[in-house]
Amino acid sequence: MKYHLIDPTEEHFDQMYHWIVNEKQKAKFTCREVRPIPAFDEWIEKKLNNLGRQEVILKAMISSEDPNTCLGRFDAFDYNPRNQNFEIGYYFPGHQRRKGFGSIGLPMFIDEVFGNPLPTRKLTAWTSEKNIPSQKLLLKNGFHLDGTLRDHFEEDGKYYKQLIYSNILDK
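Along each chain, the written sequence defines residue order, and numbers are assigned to residues from 1. Reporting in this predicted model follows two pLDDT cut-offs: at least 70 for local features of residues, and 80 or more for side-chain atom pairs to be given and counted; totals over whole chains, interfaces and linings ignore these cut-offs and use all residues. Only hydrogens and water are set aside when side-chain values are computed; all heavy atoms of the structure are taken into account.

Engineer: What is the right way to look at unusual backbone geometry in this model?
Structural biologist: Comment: phi is negative for the bulk of residues other than glycine, and the bulk of peptide bonds are trans. With a phi close to 50 degrees, D78 is a non-glycine residue in the positive phi region. Residue burial is assigned from relative accessible area. The probe radius is 1.4 Å, only protein chains are included, and a residue is buried under 20% of its type maximum, exposed over 50%, and partly exposed in between. A relative accessible area of 49% places D78 in the partly exposed class. Unlike most non-glycine residues, Q84 shows phi in positive territory, near 55 degrees. Working definition: helices are DSSP H or I runs of at least four residues, strands are E runs of at least two. Numbering for both runs from the N terminus. Along the chain, Q84 falls in the loop between strand 3 (72–80) and strand 4 (85–91). Residue classification places Q84 among the partly exposed residues on the basis of a relative accessible area of 25%.

Engineer: Even after reading the chapter, I still don't get the sheet that holds strand 2 (residues 57–63), so can you show me in this structure?
Structural biologist: Adjacent strands of a sheet pair through backbone hydrogen bonds, lying either parallel or antiparallel. Here a strand pair is declared whenever DSSP counts at least two bridges between the two strands. Spatially, 1-2-3-4-5-7-6 is the arrangement adopted by the seven strands of the open sheet, whose pairing is mixed. Each of the sheet's edge strands pairs with one partner strand only, and the pair in question is strand 1 (3–6) and strand 6 (144–155). On average, each strand axis in the sheet is tilted by 25 degrees relative to the strand beside it, whichever way the strands run. One ladder, built from three bridges, connects strand 4 with strand 5 (residues 122–128); its direction is parallel. For E87, the partnering residue across the bridge sits in strand 5 and is T124. Running over the sheet, helix 1 (residues 10–22) touches strand 1, strand 2, strand 3 and strand 4 and is turned about 100 degrees from strand 2. Here the axes come from fitting lines to C-alpha atoms, over the contacting stretch only for helices, and the angles between their N-to-C directions go from 0 to 180 degrees. The contact criterion used throughout is that any non-hydrogen atoms of two residues lie within 4.5 Å.

Engineer: Before we go on, may I ask you to explain the pairing of strand 3 in this structure?
Structural biologist: Each regular strand shows side chains that alternate between the opposite faces of the sheet. Alignment of strand 2 against strand 3, held across five bridges, turns out to be antiparallel. Along strand 3, the bridge assignment pairs L58 with D75. Inspection of the sheet shows strand 3 paired to strand 4 by six bridges, in the antiparallel sense. Pairing of N80 across the sheet is with N85, part of strand 4.

Engineer: Help me understand the pattern of salt bridges in this model?
Structural biologist: Opposite charge on two side chains lets them pair, provided their charged atoms get close. Throughout this description, the term salt bridge denotes a Lys or Arg side-chain nitrogen within 4 Å of a carboxyl oxygen of Asp or Glu. Counted under the stated rule, the structure contains six salt bridges. Here R53 makes a salt bridge to E55, at a shortest N to O gap of 3.5 Å. The class for R53 is partly exposed, based on a relative accessible area of 40%. Note on E55: relative accessible area 28%, which makes it partly exposed. Residues participating in the shared-partner salt-bridge network are D7, K59 and E112.

Engineer: Honestly, the packing of aromatic side chains in this entry has me stumped. Any pointers?
Structural biologist: How two aromatic rings sit relative to each other is given by the distance of their centres and the angle of their planes. Stacked, edge-to-face and tilted labels apply to pairs of Phe, Tyr and Trp rings (six-membered ring for Trp) whose centres lie within 6.5 Å, assigned for plane angles under 30 degrees, over 60, and everything in between, in that order. All chains considered together, the criterion is met by 12 aromatic pairs. Here Y79 and F86 contribute two aromatic rings whose centre-to-centre distance is 4.8 Å and whose plane-to-plane angle is 50 degrees, an arrangement assigned as tilted. Accessibility classification places Y79 together with F86 in one group, the buried group. Taken together through their ring pairs, the aromatic side chains of Y3, F74, Y90, F92, F101 and F109 make up a single cluster. Geometry around Y160 places K130 over its ring, the cationic atom sitting 4.5 Å from the centre. A positively charged side chain is recorded as over a ring if its NZ (Lys) or CZ (Arg) lies within 6 Å of the ring centre. The angle to the ring normal must also be within 35 degrees.

Engineer: Sorry if this is basic, but what is going on with the packing of helix 1 against helix 2 (residues 40–51) here?
Structural biologist: Packed helix pairs are specified by the crossing angle of their axes together with the interaxial distance, meaning the distance between the axes. Running from N to C, helix 1 and helix 2 cross one another at 120 degrees; their axes reach a closest spacing of 11 Å. The angle between helix 1 and helix 2 places the two elements in the oblique class. The two elements helix 1 and helix 2 cross, and the hand of that crossing is right-handed. Packed against helix 1, whose contacting residues are F13, D14, M16, Y17 and I20, the element helix 2 presents F40, W43, I44, K47, L48 and L51 at the interface. All residues other than Ala, Val, Leu, Ile, Met, Phe, Trp, Tyr, Cys, Pro, Asp, Glu, Lys and Arg, Gly among them, are scored as polar; the first ten of these are nonpolar and the last four charged. Considered class by class, the residues forming the contact of helix 1 with helix 2 number nine nonpolar, no polar and two charged. Angles below 35 degrees are treated as roughly parallel, those above 145 as roughly antiparallel, those between 65 and 115 as roughly perpendicular, and all remaining angles as oblique. In this scheme the crossing of two helices becomes right-handed for a clockwise turn of the near helix relative to the far one and left-handed for an anticlockwise turn of less than a right angle.

Purely geometric stuff here, so don't read any function into it on its own.
Okay, here's the thing in structure tokens:
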């Protein structure tokens, strides 16, 4: 089976929205504030406005056998022209986790971001100390642990570390 990263279709956006609405462990995947989910129309308008900017990249991961089903998503955002850096993120809904899709899609996405029209020499990714699969995925794909933010976010009355990884384009 072949996998691809493509610009999301309307159907993929609908699936992504439902992932967000139905995710029970939002706080596990981010150190950012977990906000209420807006209505679909508001959410999609914001997504489409952001995608109109060169500094934002969003790709849907699909299989050649079922291109209408989005397996996961990869994002690049917060582009900084001074250090030529994108922050990246990825997400797979619960039923698609631990199937190896991150290991397949992340190398493709790294190539996509480093090959975009903006001068890009570095990618950064943040993950929780609790998200061991994400840490392993980043290390496997050439990222290095650059730093640890101690007591950076709270979940259920306990504070956790946030880990910062980077991957620099070798020229």
